[in-house]
Every structure is written in C-alpha cells, then in structure tokens.
Amino acid sequence: MASNIQPRETYDTLIEAVTTLVKSDLQPIVGEIDQQGRYPEDFLRKLGSIGGYAAALPADLGGLELGLAAQVDVITTVGGACGSTAFLVWCQSACVRYLLASDNTAVRARFLDAVSRGDLLAGTGMSNAVKHLAGIENIHIKARREGDGYVVTGALPWVSNLGEDHIAVVAASVEDGGYVMFAVQCNAEGVTLRPCPEFAALEGTQTLNLRLKDVQIPANAVLAHPHQFKDYIARIKPAFVLAQLGIGFGIMDGSLQTIRESNVTTAHVNQFLDDQEDELQRSVTALKSHACRLAELADADKATALEVLRLRLATSELTLRAANAAVLHAGAKGFLMRHPAQRRLREAVFVAIVTPALKHLRKEIHALEQAQASTQTPETHPQQVSPARKTRDPQEQAA
Amino acid sequence: MTDRVWMCGPCGWVYDEVAGLPEDGIPPGTRFEDIPEDWECPDCGVTKADFYLLPD
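All values derive from a computational prediction rather than experimental measurement.

> Please provide a residue-by-residue account of the overall build of chain B, values included.
In terms of regular secondary structure, chain B is built from zero helices and three strands. Its helices and strands in sequence order give chain B the pattern β-β-β, from N to C terminus. Its C-alpha radius of gyration of 10 Å places chain B within 12% of the 10 Å reference for a compact globule of 56 residues. Along the first, second and third principal axes, the C-alpha set of chain B runs to 25 × 25 × 15 Å.

> Summarise the sheet that holds strand E3 (residues 51–53) of chain B; cite the residues concerned and give the values.
All names here are of chain B. Taken in spatial order, the three strands line up as E2-E1-E3 in an open sheet, and their pairing is antiparallel. Strands with a single pairing partner mark the edges of an open sheet, and in this sheet they are strand E2 (14–16) and E3. Averaged over all pairs of adjacent strands, the angle between their axes in this sheet comes to 25°, without regard to strand direction. Bridge count for strand E1 (residues 5–8) against E2 is three bridges, and the pairing is antiparallel. Opposite Trp6, over in E2, you have Tyr15 as the bridge partner.

> Tell me about the nonpolar core, and name the residues and values.
All names here are of chain A. Grouped together as the largest cluster of nonpolar side chains are 106 residues, with contacts concentrated most on Leu26, Val78, Trp90, Tyr98, Val115, Met126 and Met181. Of the residues forming this core, the biggest block, 16 residues, is contributed by helix H8 (residues 226–270). Among all residues touching Leu26, those that are not within four sequence positions of it are Leu21, Ile33, Phe43, Val78, Ala81, Cys82 and Thr85.

> Account for the pairing of strand E4 (residues 167–174) of chain A, naming residues and giving values.
Residues and elements named next belong to chain A. For E4, the buried fraction is high: eight of the eight residues fall into the buried class. Bridge count for strand E1 (residues 122–125) against E4 is four bridges, and the pairing is parallel. For Gly123, the partnering residue across the bridge sits in E4 and is Ala168. A loop of four residues connects E4 with strand E5 (residues 179–185), the two strands running antiparallel in sequence, and Gly177 in this loop sits at a positive phi of about 115°.

> Break down the environment of Ala295(A) for me, with residues and values.
Residues and elements named next belong to chain A. Along the chain, Ala295 turns up in helix H9 (residues 277–299). Between the C-alpha atoms of Ala295 and Gln71, which are 224 residues apart in sequence, the distance is 9.4 Å. Excluding residues within four positions of it along the chain, Ala295 makes contact with Leu68, Ala69 and Leu242.

> I'd love a proper account of the interface of chain B and chain A, names of residues and values included.
Contacts between the two partners involve 11 residues from chain B, matched on the other side by 10 residues from chain A. Note on chain B versus chain A: buried area summed over both sides is about 740 Å², and carbon and sulfur give 48% of it. Together, Pro10(B), Asp43(B) and Cys44(B) form the three largest contributors to the area buried by chain B at its contact with chain A, with a combined 48%. Linking chain B to chain A there are one salt bridge. With a shortest N-O distance of 3.5 Å, Glu40(B) and Arg211(A) are connected by a salt bridge. Grouping the amino acids of the side of chain B that touches chain A by side-chain chemistry returns seven nonpolar, one polar and three charged.

> So what about the pattern of salt bridges? Which residues, and what values?
Residue and element names in this part refer to chain A. Under the counting rule described, the total for this entry stands at 25 salt bridges over all chains. Between Glu277 and Arg260 there is a salt bridge; the shortest N-O distance is 2.8 Å. Residue Glu277 is located in helix H9, and its partner Arg260 is located in helix H8; the two are separated by 17 residues in the primary sequence. Given the relative accessible area of 18%, Glu277 is considered buried.

> Break down empty space enclosed by the protein for me, citing the residues and quoting the values.
Residues and elements named next belong to chain A. In the structure shown here, the tally under the stated rule is three cavities of 30 Å³ or more. Of the volumes computed, that of the largest cavity is approximately 110 Å³. Contributing to the lining of the largest cavity are 13 residues, with Ala56, Leu68, Gln71, Ser93 and Arg97 lying nearest its centre. Mapped by element, the contributors of at least two residues to the lining of the largest cavity are helix H4 (68–79), helix H5 (83–101) and H8. No other element matches H5, which puts five residues into the lining of the largest cavity. Grouping the constituent residues of the lining of the largest cavity by class yields 10 nonpolar, two polar and one charged. The wall of the second largest cavity is formed by Tyr98, Met126, Val130, Ile233, Ile236, Lys237 and Phe240. It is H8 that provides the largest number of residues to the lining of the second largest cavity, a total of four residues. Of the residues contributing to the lining of the second largest cavity, the split by class is six nonpolar, no polar and one charged.

> Explain the layout of surface pockets residue by residue, including any values.
Residue and element names in this part refer to chain A. If you add up the space inside the largest pocket, you get close to 980 Å³. Forming the boundary of the largest pocket are 36 residues, of which Ser127, Lys131, Trp158, Ile353 and Val354 lie nearest the centre. For the lining of the largest pocket, the secondary-structure elements that each account for two or more residues are H5, E1, helix H7 (127–133), strand E3 (149–159), H8, helix H11 (340–353) and helix H12 (358–374). A per-element tally of the lining of the largest pocket places H11 first, with five residues. Of the residues that constitute the lining of the largest pocket, the class distribution is 20 nonpolar, 12 polar and four charged.

Conventions adopted
Residues numbered from 1 in each chain as written. Chains lettered and ligands numbered in written order. Predicted model: local features only at pLDDT ≥ 70, side-chain atom pairs only at ≥ 80, totals over all residues. Heavy atoms only, no water. Helix = DSSP H or I, 4+ residues; strand = E, 2+ residues; numbered from the N terminus. Rg over C-alpha atoms; globule rule 2.2 N^0.38 Å. Pairing = 2+ DSSP bridges. Axes fitted to C-alpha atoms, helices over the stretch in contact; angles between N-to-C directions. Core = buried A, V, L, I, M, F, W, Y, C linked by side-chain atoms within 4.5 Å. Buried < 20%, exposed > 50% of the residue type's maximum accessible area, 1.4 Å probe, protein only. Contact = heavy atoms within 4.5 Å. Buried area = accessible area lost by both parts, 1.4 Å probe. Salt bridge = Lys/Arg side-chain N within 4 Å of Asp/Glu carboxyl O. Nonpolar A, V, L, I, M, F, W, Y, C, P; charged D, E, K, R; others polar. 1 Å grid on protein atoms, 1.4 Å probe; cavity = no way out; pocket = protein on both sides within 12 Å on 5 of 7 lines; lining within 4 Å. Points joined across faces, edges and corners; volume = space filled by probe spheres on them.

So this is what it looks like as structure tokens:
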C-alpha cells in the first residue's frame, strides 16, 4: 500500500471526497444538528470509510500518510459547513493520534484500526488533565494499580463524542505518583453516561457527563503509564492543539461566505464595518499557511510549544472576529436563529472556550515566555517579557 | 451561617444552603460543611473539593 501512494494525488482525492460527502450528507442536516441536537453518526462513519481520520496515519497502519496538515484540512472542510461536526472529527482524529503515539503496542493493536476507520467512535476526555497540568484545576479521576492494569474512579463533567458503544480516552492521577492515560469502553462495568445541561451550541456532539466507579482498566487499554506519561504528553500535545485549528478555520470560511453573500445587496453600507472581507481573508490565509508549516514540524516532533500555542490563540481571536463580522454584515436577519451567522457566532465562542481556552492559552504562553526570558541574558533579551498580549494582527503573529 | 451559596467549579451548578437539596436527602438549612464528604455534584459528579464559596 505504501509504495503505491502518490501524496499530492491522494491529498486531492481525499479533500474532494470529503467535500462531496459534506455536501451530500452533512450540509442538509446542519440546522438539525444545531437546533435539535442531532448527532451526525452516519456522516462520521462514512467519513471514516473514506479516510477522514487517517490522513496523518502511516500507510503501513492503513493510513494515507499525508501528515497532520492534511488532517487539519479535512477538519476545515467539515467546519466550512458545520463547526459542531468539525469538533467531532477532531475528537476522533485526536484519538487516532493518541493511539499512534503510544508505546504500548497492545492498545494500538486493540483500537487503532477501528478508530481510524470510524468503526469505533471515540471521545477525548483530556480537557481536565490538560488544564490540571497547566495549573488551572484539580484532576478529577484517580487511579490505583491492580495487577498490570489500574482501577479508576472519578467524574468528568463533559466529554464529547460519547455513546454506549464508544470509547473515551482519559487521564488519571495514580495514587503512588504520576499519571496514567487510557481508553475506557463506555459500556464497561462501573461506567455511567449522563446527560448534561443544555449548551448554547454544539448540542449535536453527544457530549455527556462521564462517571467512573471502580472501573477496571486492563493493560491493553493503557496509552501511557506514569513513567511514560511526561514524554507521551509532550509528543501528543502539539498535534492535539494544531488539529483544533481546523475547527476555527472552517468557521472562518463559513463566516467569510456569509459576508460575501451579504455584500451582494448591502456592500454600500457594510463597507463602514470595522472588519472587511478582504482583510479577514488575508488574515485567515496567513494563519492557514502558518498552520501548515507547524503541522509539518509537528509530524517531525519539532514544533515548539510556544509557537503552537500562539497560533492556536491567534486562531481563537480571529475566529471570534470573523464570526462577529458575519453577524454584523448580515444585519437584522443574522439575528435569526436559523441564519448561519448566528450559528457561526456560537460555534466561534466554542473555539475560544474549549480546552485550551483563550484564557488558558494566554496563561501558558505567559509562563513559557517568562521561562524563556529567564534563560536569556540581558544582552540578548534586554526587555522584560510582558503577559501574552492580544494578538490583534494575525499576519504579524503568523510571520 | 446557613445562607451561603456554593458553586461547582467545573460545571457551575449551585448549592444554596437555605434551599438545601431535599431530593438528595439534604434538608433546607444544611451547611455545606455538613454535607457528607462522598456527596457528588448532581450535574457533573465531582466532589465537594471542587466547589467554591460565592461572594455576597
């Protein structure tokens, strides 16, 4: 399989197939997803069957071997129609990445093929652990060793892409030190899924309250043991964060489309708005270009955390601006729940609050900048680093 | 004092000491400190340690 792959041709074929599937199977149900909370399971499974979660997977593992940038483009293409579903595609592809990066061959053998094909749907419940490691909140899942596996207890408020026959990827603190990351089957004994209070958007993501009570985690469900955890998190985090950019890019593409459509009849008045289509488009293009470069570095384990987090921050900020501009360009009709600009606005807020949230990003960036400044001499870095500022100009940020 | 209000950090659910939580067996007027330690947030399942006191 690997020897027959023609990367450029395969990339074009993949994106064309995703675009076609989005038009036929996702676009018609976008309103239902947003306003009735429909979970687009058929679309997700079909996307898996055409390689929509396997763009960055090596060919010898059944993937397309196109790299992380191609996976971001798949998510962007989906997000152009529906930000909610783009988030689900991110969840599934993030789990593929977790499995691929694991040193535990047993967990890969058990789950990777089924998850990458979309036969087994997977939620990522890593928000709590990522925030905990950034010093933001307590960790909610506790583990104790039992044999060569673990027994885990705790609760995660909201985990997306869950279902009775799905798996969830979660991390827990271990009672004798360190952390363990593992996959848990949602129908395992001791696992309870409960509905959450209604969200302002993304109701179609099957986001559920996950409770674990003395759940057995066998060795072949462990992604990283405590002695592997630190290196493992460092390996998966850049891709975890970079792949999320596709959600923002898709929402921005959709917002720009609304702006162009609004300008057909009201350009003469829209011209007085602060954010114009041409300037926003240039900024989006610059961010996408930067994302492509960083994704290639991430594939080679060479992407720096600071650069990745700055780009994610710039993407959150520009997504908010673009969606806000779309509502303002649409005018009064953009205030109707049925109008795409209204949906885009709520989806854009999600990009800014999902882990790593905008405030989380600024905190981590500040900490990294402080650490960097403390290692530099006054001659090479004469000015004190200030807290992560608002990246108002994404082109400057992307340069 | 039994008129304090506590919020769940992760999910925002609120425990009002005046109202208690009778459906969970916690009578009106129960101080947050007197709720059993193994009690869980009814909405998201985290423990008392993840609640914080709201300012007046």
